[in-house]
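Understanding the architecture of this molecule
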Amino acid sequence: MARSHNFSAGPTALPLEVLRQAHEEFFDFAGTGMSVMEISHRSEVFMELAYQAEQDLRAILQVPSQYKVLFVQGGASLQFAQVPMNLLGDKGTADYLHTGLWSGKAIQAAQRYCDVRIAASSKASGFDRIPAVTDWNLNPNAAYLHYTENETVHGVQFAGAPCVSVPLICDACSSLLSKPIDVAKHGLIYAAAQKNMGPAGLTIVIIDAALLDAALEVTPDILNYAHIANAQSMLNTPATFPWYLTGLTLKWIQRCGGIEKIHQTNQAKAELLYRTIDYSGGFYRNSVQAPFRSINNVPFVLADTAFEKDFLRLADQSGFKGLKGHASVGGVRASIYNAVTLLAVEALTDFMKDFARVHG
Ligand code: PMP
């Protein structure tokens with residue numbers, strides 16, 4: 001079986017073990033004689049699967065008991081609106097950190113619901129860093145502070161969760177389950193599954209139960225976190241197959257040795273790629289400041305842009321898929337999520353060195 005090296009920003013690679021198990025169980029899930037896609041979400045066998053996925057996520061991330069874990073739909077993009085709808089209460093204003101394309105989208109969406117204050121921005125320097133905490137202009141009366149833990153397009157990542165006095169909201173779409181996260185520091189964390197967790201169609205929301213009573217009047221029941229939590233994420237028919245596949249991926253993370261082990265491997269992959277870029281004699285360039293370089297998405301350019309098309313074409317022909325940078329910034333981007341192996345990254349860096357030798 002010829003498997004490509006998948007460096008796509010998402011949807012992206014799933015662990016082969018997970019795909020194999022899903023393949024084996026495809027026609028007959030848990031002795032039901034039906035595919036997991038064909039059974040009721042309210043059947044005992046699916047409820048057990050759903051419960052187990054939540055327990056595994058809680059164990060992997062050490063989610064404190066007062067937090068609810070919600071399995072919802074609409075992608076992380078819906079959370080851009082669902083967060084302010086549910087958390088503004090009577091505050092009318094929220095703080096946002098602007099660190100790249102995705103936090104920009106979150107800001108834009110929230111402006112429909114409240115007065116959005118940009119507490120700090122790295123736009124002026126081309127989103128090449130997380131602004132220094134000393135430059136943040138925080139409002140103690142804000143409903144919350146929103147940050148994007150990993151900027152998937154710009155390849156910029158927080159070293160740790162900010163410490164603030166208002167509820168801290170985290171878009172962890174492209175980094176949840178790729179490294180440990182201190183859940184207790186957060187009011188809410190959200191992430192769509194299609195990067196490090198499973199297929200598209202499922203979004204995880206981890207929310208402190210203390211924040212469940214601040215929804216705006218206009219919030220539809222189906223988007224109200226309190227209602228969703230009360231119904232165990234089954235107010236309506238959930239995305240059963242993505243929930244199932246995410247459950248398999250959570251088991252795989254546990255078999256890999258848990259989140260610390262996964263993080264170590266991800267760091268090794270990222271270090272290898274950045275080293276290859278930094279020691280290419282200027283052939284490749286990543287302009288993110290070193291402490292803020294992402295371990296999930298590594299964007300880079302070729303100093304001589306004339307070679308970029310050839311690079312991408314040859315890479316694709318050699319089995320390295322999904323390397324084209326996001327349309328808004330161009331260049332190249334290697335997304336190295338959990339299911340991308342160190343071997344795949346080694347193969348890519350060998351390819352990059354060969355390409356630089358021939359064209360440099
Ligand atoms: N936030 C971040 C950081 C992302 O990377 C993405 C998707 N690339 C989103 C939000 C939006 O996710 P979705 O496509 O699931 O709406």
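Residues numbered from 1 in each chain as written. Predicted model: local features only at pLDDT ≥ 70, side-chain atom pairs only at ≥ 80, totals over all residues. Heavy atoms only, no water.

Some remarks on the nonpolar core
What counts, and what does not: What makes a nonpolar core is a set of buried Ala, Val, Leu, Ile, Met, Phe, Trp, Tyr and Cys residues whose side-chain atoms join them at distances within 4.5 Å. Partly exposed residues are those whose accessible area sits between 20% and 50% of the maximum for their type, while under 20% is buried and over 50% is exposed, using a 1.4 Å probe and protein chains only. Where each domain starts and ends follows an automatic or database-derived domain assignment. Residue contacts follow a heavy-atom distance rule, with two residues in contact if any of their heavy atoms lie within 4.5 Å.
Counting 54 residues, the largest nonpolar core has L61, L176, L177 and I206 as its most contacted members. Split by domain, this core shows at least three residues from each of two domains, domain 1 (16-255) and domain 2 (258-359). Those residues in contact with I206 that lie beyond four places of it in its chain are L57, L61, V63, Y67, K68, V69, V183, G187, L188 and I189. Formed by 30 residues, the second largest nonpolar core is a distinct cluster that contains L273, Y284, I336 and F355.

A word on the environment of L87
In plain terms, the rule: Helical segments are the DSSP runs of H or I of at least four residues, strand segments are the runs of E of at least two, and each set is numbered from the N terminus.
If you trace the backbone, L87 turns up in helix α3 (residues 75-87). The exposure class assigned to L87 is buried, which follows from its relative accessible area of 8%. Separated by 47 residues in the primary sequence, L87 and S40 have C-alpha atoms spaced 32 Å apart. Discounting chain neighbours no more than four positions away, the residues touching L87 are A143, Y144, I169, L188, I207, L211 and A214.

Some words on the site of the ligand
The condition is simple: For each residue, the test is whether any non-hydrogen atom lies within 4 Å of the molecule or strand; if one does, the residue is near. N or O atoms within 3.5 Å of each other form a polar contact, as long as, within protein, one can give a hydrogen and the other can take it, and as long as residues adjacent in sequence are counted only when both atoms are side-chain atoms. Using the Shrake-Rupley algorithm and a 1.4 Å probe, accessible areas are obtained, with residue cover drawn only from the displayed protein chains. Polar here means any residue outside two lists: the nonpolar Ala, Val, Leu, Ile, Met, Phe, Trp, Tyr, Cys and Pro, and the charged Asp, Glu, Lys and Arg; Gly therefore counts as polar.
Near the ligand, the surroundings consist of 14 residues, among which S77, T152, D171, Q194 and K195 are the closest. In this structure, an oxygen atom belonging to the ligand sits 2.5 Å away from a side-chain N or O atom of S77. Relative to its unbound accessible area of 400 Å², the ligand is 86% covered by the protein chains. Of the residues in the shell around the ligand, the class split is five nonpolar, seven polar and two charged.

Some points on the packing of helix α2 (residues 44-61) against helix α6 (residues 240-255)
Going by this rule: Simply put, an axis is a line fit to the C-alpha atoms, just over the touching stretch for a helix, and the angle between two N-to-C directions goes from 0 to 180 degrees. In these notes the angle categories are as follows: under 35 degrees is roughly parallel, over 145 is roughly antiparallel, 65 to 115 is roughly perpendicular, and the rest is oblique. By definition, turning the near helix anticlockwise from the far helix through less than a right angle yields a left-handed crossing, and turning it clockwise yields a right-handed one.
With their axes 9 Å apart at the nearest point, α2 and α6 run at an angle of 40° to one another. In terms of their interaxial angle, α2 and α6 are classed as oblique. α2 and α6 meet at a crossing whose hand is left-handed. Every residue of α6 that contacts α2 at F46, L49, A50, Q52, A53, D56, L57, A59 and I60 is listed here: T240, W243, Y244, G247, L250, K251, I253 and Q254. Residue composition of the contact of α2 with α6, by class: eleven nonpolar, four polar and two charged.

Considering a nonpolar patch on the surface
Short version of the rule: Each patch groups residues whose relative accessible area exceeds 30% and which form no salt bridge, using 9 Å between like charges and 5 Å between nonpolar side chains of Val, Leu, Ile, Met, Phe, Trp and Tyr. When a carboxyl oxygen of Asp or Glu lies within 4 Å of a side-chain nitrogen of Lys or Arg, that pair is called a salt bridge.
On the surface, F26, F27 and M37 cluster together into a nonpolar patch covering about 340 Å² of accessible area. Along the polypeptide, F26 turns up in the loop between α1 (16-24) and α2. F26 sits in the partly exposed class, given a relative accessible area of 34%.

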